[in-house]
Amino acid sequence: MTDRALLSVEEVLVDLPTPRGNLRAVDRVNLTVGAGQTLGVVGESGCGKTMLSRAILQLLPKKAKLQGRVMFDGQDLVSLDRESLRKLRGRSLAVVFQDPMTSLNPVLTIGTQLIETLQEHLELDLAAARKRSVELLAAVGIPAPDQRLTQYPHQLSGGMRQRVAIAIALSCEPKLLIADEPTTALDVTIQAQILDLLAREQRRRHMAMILITHDLGVVAGRTDEVAVMYAGRVVERAPTPALFKKMRMPYTEALLAAIPKLDAAPHTVLPAISGRPPDPTRPIKGCSFSPRCRYAVARCHGEKPELTEAETPAHQYACFHPIEMPVAVPA
Amino acid sequence: MMLQSSPADPLLKVENLVVEYNVGGKTVHAVSSVSLDIARGETLGLVGESGCGKSTLGRAVLQLRHAQSGKVLFDGNDLTAMRGDALRKMRQRVQLIFQDPIASLNPRRRIGDIVAEPLVISGVKDPEKRKQMVSDVLSAVGLDPGLVMGRLPHEFSGGQCQRICIARALVLNPDFIICDEPVSALDVSIRAQILNLLEEMKARYGLTLLFIAHDLAVVKAVSDRVAVMYLGRLCEVGPSEQLFARPAHPYTALLIEAIPVPDPDMRPAEAVAVGEPPSPIAPPSGCRFRTRCPRADAKCSTEVPELRAVAPGQYAACHHPLI
Ligand SMILES: Nc1ncnc2c1ncn2[C@@H]1O[C@H](COP(=O)(O)OP(=O)(O)OP(=O)(O)O)[C@@H](O)[C@H]1O
Ligand SMILES: Nc1ncnc2c1ncn2[C@@H]1O[C@H](COP(=O)(O)OP(=O)(O)O)[C@@H](O)[C@H]1O
Ligand code: SF4
Ligand code: SF4
Ligand SMILES: [Mg+2]
Ligand SMILES: [Mg+2]
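Definitions and limits used
- Residues numbered from 1 in each chain as written.
- Chains lettered and ligands numbered in written order.
- Predicted model: local features only at pLDDT ≥ 70, side-chain atom pairs only at ≥ 80, totals over all residues.
- Heavy atoms only, no water.
- Helix = DSSP H or I, 4+ residues; strand = E, 2+ residues; numbered from the N terminus.
- Rg over C-alpha atoms; globule rule 2.2 N^0.38 Å.
- Buried < 20%, exposed > 50% of the residue type's maximum accessible area, 1.4 Å probe, protein only.
- Areas by Shrake-Rupley, 256 points an atom, 1.4 Å probe, with all protein chains shown as cover.
- Lys, Arg positive; Asp, Glu negative; His and termini not counted.
- Charge placed at Lys NZ, Arg CZ, Asp CG, Glu CD.
- Salt bridge = Lys/Arg side-chain N within 4 Å of Asp/Glu carboxyl O.
- Pairing = 2+ DSSP bridges.
- Contact = heavy atoms within 4.5 Å.
- Axes fitted to C-alpha atoms, helices over the stretch in contact; angles between N-to-C directions.
- Buried area = accessible area lost by both parts, 1.4 Å probe.
- Polar contact = N/O pair within 3.5 Å; in protein donor to acceptor, adjacent residues only side chain to side chain.
- Nonpolar A, V, L, I, M, F, W, Y, C, P; charged D, E, K, R; others polar.
- Near = heavy atom within 4 Å.
- Phe/Tyr/Trp six-rings, centres within 6.5 Å; stacked < 30°, edge-to-face > 60°.

A look at the overall build of chain A
- Secondary structure summary: chain A contains 11 helices and 12 strands in total.
- Taken over the C-alpha trace, chain A has a radius of gyration of 21 Å; the compact-globule value for 331 residues is 20 Å, and the two agree within 12%.
- Evaluated residue by residue, chain A yields a buried proportion of 56% over its 331 residues.
- Here chain A has roughly 14200 Å² of accessible surface; of this, 54% comes from carbon and sulfur atoms.
- Averaging the coordinates of the 40 positive side-chain charges in chain A and doing the same for the 35 negative ones gives two points 3 Å apart.

The structure is reproduced here in structure tokens:
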């Protein structure tokens, strides 16, 4: 699997100095994504999802310290020079952020931004770049695309802006798209449309994708593999069907249980997870989830569980007392 | 128009409420002739996409927004006609909880003072009594009064700040609370804690709730009835279970379809929604949903659909309802 991987993240560790002390945002993460595959990364806010994606893109804050390797398409991005990285990021490695304004320039029209990207990376002439831009905007579901070219980002709704950001990200036919909570800021109806759009383009282009979200519901029907993160670490990793059929890590189970279900009767008490995630500047000696875990025993408080293989090598979990019973999947 | 769904003993009755904003000489039709009732002890959920007028409706009920026309009857009194002291007294019985818990707390004041503020405003003069009341309500929402009273908001997480906001809303022992997206900014694990807390507090303090959200599963978890809003108008209202099992309005059906389900066998239906909501500055004629509705026909562009009974207790504003 590893030799055919398009992306392989190896022992990646991100440390951030803060006034409260060192903050380990990403703690020895290993991941692989094959060509054309979709990996879902799930976890609550602050668990390190964005820092992990920035570590892959080599877009970490200046003060951050990165260890480990990020092998992409045969080269280690960590040791690549800035110019090569810049070329790569516009071309074969693209990103869509939660807030589309992060990737859009507020003072340039949509057209200028698309056309410039296409001209720079694909060396198209103006007329060809313009034609491609219109096609791309149409492909991401923007009505009257030729008229939109002259509009500025602030003249569009949040959903439209995210579509434009996706059009720009897709413009150079990347091999890997990292989508960091691309729909968290949007309404459910728009969210469904954007996720469909990403899935369709991903299939059509045979592009690999990392879909980052805090919602297990979002990854369920849309990814091949899922990695669940907690306190900077991957705590469970499995092919999506296997994960939902038989989750082994108590945190994954608790996260799924805490989501209100449409088929539950009103006023049903929700199985909430007590407490909150640990302060990342105050690392916990044992399992990071132990203060909140209902299965925790003495060993969990003193020792950190490593990622271990379940029945299949593809399913891994970090827990001393994995859940044995198959979890009933709610409809 | 009177809603036939009127519960026998409504605590809140909103009649033909119209709220408009003026933006650069243009009129934003934020709430257009909305009528609804909430029974004593009931939780009414209010759902709809961003910008459809949910918060505006909530603020107009509280008289924090001036309504162009319509009535807001609270316990039989028309709040829109009340002024000064009388209004202030009545408003003590109605509280509001916001979406962004951290932003709604004054960063420079201590938690004890923040929660005591409604008591000061309402004229509870004895500081010892105030302290006791604050301490009681903080314990009720699951915080240790001794530990939190002296601290500042930035020392707390989003979930804890929402507990503090809930304590502040409860301290005057109100009858009615408008919860405007109280869990939208919170993580999944914390969200469940706060939803459970709201349910507990509702029972303990005998509250009636208007619960605003855009997440249908969240709304269903706490609501007896649900009202669906689209571009300033009410589309459908009915008992929660019934509405989710058999939606009558095409927009309700669309919202339900769009919810991501945590089950990999349920491949999401592709292209559920067609386009985005139009601008509330120039809402479509007739039915406002017609530009996105798969069932729209000529009648939908000329005639405004009125709310009509489609099933016991369930009402939909649609010329061609699904049931
Ligand atoms: N102070 C204001 N001035 C002008 N227009 C406003 C103002 N507040 C809201 N609006 C507009 O009124 C409409 C209804 O807004 P409202 O905030 O009530 O929606 P909402 O349903 O609460 O949305 P959200 O889910 O985003 O909170 C929107 O078009 C909004 O842009
Ligand atoms: N620029 C930064 N400087 C210092 N700490 C940061 C910075 N950005 C994020 N963090 C911290 O790193 C941890 C992981 O953050 P992040 O990757 O953004 O989480 P997520 O995307 O999962 O919500 C958090 O504790 C967060 O507060
Ligand atoms: S290692 Fe222990 S504390 Fe951690 S998840 Fe497993 S049972 Fe819970
Ligand atoms: S009235 Fe017409 S446009 Fe409106 S929801 Fe019903 S069918 Fe659709
Ligand atoms: Mg993030
Ligand atoms: Mg609002």
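Section: the pattern of salt bridges
- Inspection of every chain in the model, using the stated rule, returns 39 salt bridges over all chains.
- Two residues, R200 of chain A and E201 of chain A, come together in a salt bridge whose shortest N-O distance is 3.8 Å.
- Across the pair R109 of chain B and E117 of chain B runs a salt bridge, and its minimum N-O distance is 3.2 Å.
- Residue classification places E117 of chain B among the partly exposed residues on the basis of a relative accessible area of 34%.

Concerning unusual backbone geometry
All names here are of chain B.
- One non-glycine residue, Q63, adopts positive backbone phi at about 65°.
- With respect to the helices and strands, Q63 occurs in the loop between α1 (54–61) and β4 (69–74).
- Phi at N173 is positive, roughly 55°, even though this residue is not glycine.
- On the basis of relative accessible area, N173 is assigned to the partly exposed category, the value being 48%.

Some remarks on the sheet that holds strand β1 (residues 10–23) of chain B
All names here are of chain B.
- On the basis of which strands lie adjacent, the open sheet formed by four strands has the order β2-β1-β4-β5 and antiparallel pairing. Each edge of the open sheet is held by one strand with a lone partner, namely β2 (26–39) and β5 (77–78).
- In terms of strand pairing, β4 meets β5 through two bridges, oriented antiparallel. Opposite L73, over in β5, you have D78 as the bridge partner.
- Relative to the sheet, α1 contacts β1, β2 and β4, its axis offset from that of β1 by approximately 115°.

Points about the interface of chain B and chain A
- Counting residues at the interface gives 47 residues for chain B and 51 residues for chain A.
- Taking both partners together, chain B and chain A bury about 3800 Å²; carbon and sulfur atoms supply 58% of that area.
- Counting the contacts that link chain B with chain A gives zero salt bridges.
- At the junction of chain B and chain A, the tally comes to 15 residue pairs in polar contact (both at pLDDT 80 or more).
- The biggest single contributor to the side of chain B that touches chain A is helix α7 (residues 188–205) of chain B, with nine residues.
- Taken together, the residues that form the side of chain B that touches chain A break down as 25 nonpolar, 10 polar and 12 charged.

Focus: the site of ligand 3
- As a matter of local geometry, ligand 3 sits amid 13 residues, with C287, C293, C300, C319 and F320 of chain A nearest to it.
- Looking at side-chain class alone, the shell around ligand 3 contains 11 nonpolar, two polar and no charged residues.

Let's talk about the packing of aromatic side chains
Residue and element names in this part refer to chain A.
- As enumerated under the stated definition, the model contains seven aromatic pairs over all chains in all.
- Centroid distance Y251 to F289: 5.1 Å. Interplanar angle 70°. Geometry classified as edge-to-face. You can see Y251 sitting in helix α10 (residues 250–257) and its partner F289 sitting in the loop between α10 and α11 (298–302), a full 38 residues away along the chain.
- Taking the relative accessible area as the measure of exposure, F289 reaches 3% and is therefore buried.

Everything listed here is a matter of geometry and, on its own, says nothing about what the molecule does.
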